[in-house]
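# Tertiary structure, described
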Amino acid sequence: MKYDYLIVGAGLFGATFAYEATKKGKKCLLIDKRSHIGGNVYTEQIEGINVHKYGAHIFHTSNKEVWDFVNRFATFNHYVNSPVAVYKDELYNLPFNMNTFSKMWNIKTPQQARDVIKSQIASLNIKDPKNLEEQALSLVGTDVYEKLIKGYTEKQWGRDSKDLPAFIIKRLPLRFTYDNNYFNDRYQGIPEGGYTQMIEKMLEGCDIQLETDYFEFVKQTNIQYDKVIYTGMIDEYYQFKYGRLEYRTVSFENEVLDTDNFQGNAVVNYTEREVPYTRIIEHKHFEFGTQPKTVISKEYPVEWKYGMEPYYPINNERNIAIYQQYKALADQEENVYFGGRLGMYQYFDMDKVILAAWQLTQALL
Ligand code: FAD
Ligand code: UDP
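Residues numbered from 1 in each chain as written. Chains lettered and ligands numbered in written order. Predicted model: local features only at pLDDT ≥ 70, side-chain atom pairs only at ≥ 80, totals over all residues. Heavy atoms only, no water.

### Considerations on the pairing of strand β14 (residues 294–303)
Sheet analysis places strand β11 (residues 247–257) next to β14, joined by 10 bridges and oriented antiparallel. Note that in β14 the partner of glutamate 253 across the bridge is lysine 298. In this structure, strand β13 (residues 279–282) lies alongside β14, joined through 4 bridges in antiparallel fashion. Each bridged residue has a counterpart across the sheet, and for arginine 279 the counterpart in β14 is glutamate 299. (Pairing = 2+ DSSP bridges. Helix = DSSP H or I, 4+ residues; strand = E, 2+ residues; numbered from the N terminus.)

### Regarding unusual backbone geometry
For the bond running from leucine 94 to proline 95, omega is -10°, close enough to zero to count as cis. Tracing the backbone shows proline 95 in the loop between β7 (90–93) and α3 (98–105). Despite not being glycine, lysine 88 shows a phi value in the positive range, around 50°. Take lysine 88: it is sitting in the loop between β6 (84–87) and β7. Here the phi dihedral of asparagine 125 falls at roughly 55°; this positive angle occurs in a residue that is not glycine. Among the structural elements, asparagine 125 can be located in the loop between α4 (110–121) and α5 (132–157).

### A word on the side chain of threonine 153
Among the secondary structure elements, threonine 153 is positioned in helix α5. Each residue touching threonine 153, except ones within four places of it in the same chain, is listed here: Leu132, Gly158, Ser161 and Leu164. (Contact = heavy atoms within 4.5 Å.)

### A look at empty space enclosed by the protein
The method is simple in principle: a probe with the dimensions of a water molecule rolls over the atoms, and the space it marks as empty is what remains. Overall, the coordinates contain 1 cavity of 30 Å³ or more when judged by the stated rule. Taken together, Tyr152, Gln156, Arg248, Val250, Thr278, Arg279, Glu299, Pro301 and Tyr312 form the lining of the largest cavity. At the level of elements, α5, β11 and β14 are the ones that each hand at least two residues to the lining of the largest cavity. For the lining of the largest cavity, the class distribution of residues is 4 nonpolar, 2 polar and 3 charged. (1 Å grid on protein atoms, 1.4 Å probe; cavity = no way out; pocket = protein on both sides within 12 Å on 5 of 7 lines; lining within 4 Å. Points joined across faces, edges and corners; volume = space filled by probe spheres on them. Nonpolar A, V, L, I, M, F, W, Y, C, P; charged D, E, K, R; others polar.)

### Some remarks on the sheet that holds strand β16 (residues 336–338)
In space, the 5 strands of this open sheet follow the order β9-β2-β1-β10-β16, with parallel pairing throughout. For this open sheet the edge positions go to β9 (207–209) and β16, each flanked by a neighbour on one side alone. Across the sheet, the axes of successive neighbouring strands diverge by a mean angle of 25°, strand direction being ignored. Pairing of strand β2 (residues 28–31) with β9 involves 3 bridges; the strand directions are parallel. Paired with leucine 30 across the bridge in β9 is isoleucine 208. (Axes fitted to C-alpha atoms, helices over the stretch in contact; angles between N-to-C directions.)

### Remarks on the sheet that holds strand β12 (residues 267–270)
Ordered by their spatial adjacency, 7 strands build an open sheet running β7-β6-β12-β13-β14-β11-β15, and the pairing between neighbours is mixed. A strand with exactly one partner marks an edge of an open sheet, and here the two such strands are β7 and β15 (312–313). Pairing of β11 with β15 involves 2 bridges; the strand directions are antiparallel. The residue bridging arginine 248 from the neighbouring strand is tyrosine 312, located in β15. Lying on the sheet, α5 is in contact with β6, β7, β11, β12, β13 and β14; it crosses β6 at an angle near 90°.

### Details of the site of ligand 2
Neighbouring ligand 2 are 16 residues, the closest being Leu148, Thr153, Trp157, Arg171 and Tyr182. Contact between ligand 2 and glutamine 156: an oxygen atom at 3.0 Å from a side-chain N or O atom of the residue. Contact between ligand 2 and tyrosine 312: an oxygen atom at 3.4 Å from a side-chain N or O atom of the residue. Summarising the interface, the protein chains cover 92% of the accessible area of ligand 2, which totals 520 Å² for the free molecule. Counting only elements with at least two residues in the shell around ligand 2, the list comes to α5 and α6 (167–170). (Near = heavy atom within 4 Å. Polar contact = N/O pair within 3.5 Å; in protein donor to acceptor, adjacent residues only side chain to side chain. Areas by Shrake-Rupley, 256 points an atom, 1.4 Å probe, with all protein chains shown as cover.)

### A word on the pattern of salt bridges
The tally for this structure, following the rule as stated, stands at 17 salt bridges. Between aspartate 68 and lysine 64 there is a salt bridge, with its nearest N and O atoms 2.9 Å apart. Of this pair, aspartate 68 and lysine 64 both sit in helix α2 (residues 64–71), 4 residues apart, which is roughly one turn of that helix. What makes lysine 64 partly exposed here is its relative accessible area of 48%. (Salt bridge = Lys/Arg side-chain N within 4 Å of Asp/Glu carboxyl O. Buried < 20%, exposed > 50% of the residue type's maximum accessible area, 1.4 Å probe, protein only.)

### A few points about the layout of surface pockets
Reported here for the second largest pocket is a volume of approximately 400 Å³. Around the second largest pocket sit 15 residues that line it, and Trp157, Pro165, Phe167, Ile168 and Asn315 are the ones nearest its centre. At the level of elements, α6 and β15 are the ones that each hand at least two residues to the lining of the second largest pocket. A class-by-class count of the residues in the lining of the second largest pocket yields 9 nonpolar, 3 polar and 3 charged.

### Some thoughts on the site of ligand 1
By nearness alone, 30 residues border ligand 1, and Asp32, His57, Arg341, Phe348 and Met350 come closest of all. A distance of 3.2 Å separates an oxygen atom of ligand 1 from a polar atom in the backbone of leucine 12. Between histidine 57 and ligand 1, the recorded distance is 2.7 Å, taken from a side-chain N or O atom to an oxygen atom. The fraction of the free accessible surface of ligand 1 (1000 Å²) that becomes covered by protein chains is 97%. Those elements giving two or more residues to the shell around ligand 1 turn out to be α1 (12–23), α8 (214–220), α11 (340–343) and α12 (350–364).

Now the structure itself:
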């Protein structure tokens, strides 16, 4: 038998492609080097709690088609992400909004908040923010920057805020209303029962081989297939011939605690530099869990080396230039298509990964 598609990587990109191709009557074989499906959205049960093994994942989108699509495979709950930030013995709501400002300055109205920010940045004279520090200062003033941004950002990225691009901080909403919702999207939630079950449903009818590395597989296999959808690292595919792309990684330290409620919220950020982790995730709160125990994950930012999990592409000038060289090779391939955050070397939210996979299915199917 011959497969129409060999799909490398059982993450959301590979699963979306597999679902659409199978629906159109194509035979697909999906392989992954890990021992499980789901890629980075994989969840695993510990003490009856769905633990987000590769980092907390909150589904949010403004695209109705994408929302209807994921709701075919899971029931999404009404979770709304509202992290809190701890700075020394002070606690603030995120994202930056009137709850944050009223606690910080003991004020009540949006006008008062704007006046405080204005007076704090008047002497700084920032016209056209050139880096993250200037961008953050011009948006929220010195107090919020010093307490909630500077330490967190510098430990997360391992470099000075002055050496980071302004756009990173523009991802966060800034509101002069009392609204703690971390996202501006129309739809948001967590799939009840975890993401793994959702991906399992997407992969019905598709053959799967786990613990199978593509590069070993191609050396040994006599399985036949027409086309390859590759969602691994693009530089690895080409044996790093133009150099290695860089990533930022995170090390997750999980603990099971003998308490039913450790921190009262799914996400608590630790914004001072001296605390070595950036945040603590308490997984049960994503699904309003009532289990007797709890599971928490501390996130420690780590400088990435080959062999570690490549979580976030570092899209600086050097890496973009290298990626363009690999992309030029990829564009010349006849039967290999690169997708997903590693194949396209881009940070994608989950909804954007689904859209990117659809683009490919539309072109191919
Ligand atoms: P992946 O999920 O990484 O899948 C790629 C798969 O390919 C992996 O399973 C890997 O094992 C496999 N693979 C690689 N190389 C090989 C090989 N040589 N042979 C065989 N298999 C191989 N998005 C949101 O919308 N909301 C969030 O809250 C959110 N939080 C995030 C938190 C973190 C810490 C990170 C890193 C990302 C977050 N994201 C979030 C983004 C989300 O994880 C991605 O959009 C999505 O997982 C990307 O899917 P993918 O299929 O492209 O990649
Ligand atoms: N950020 C911050 N303080 C916080 C949370 C976020 O300064 O308490 C900054 C930080 O620079 C971070 C960026 O905002 O990299 C984007 O935050 P987000 O929560 O989107 O980061 P991610 O979940 O992608 O790691």
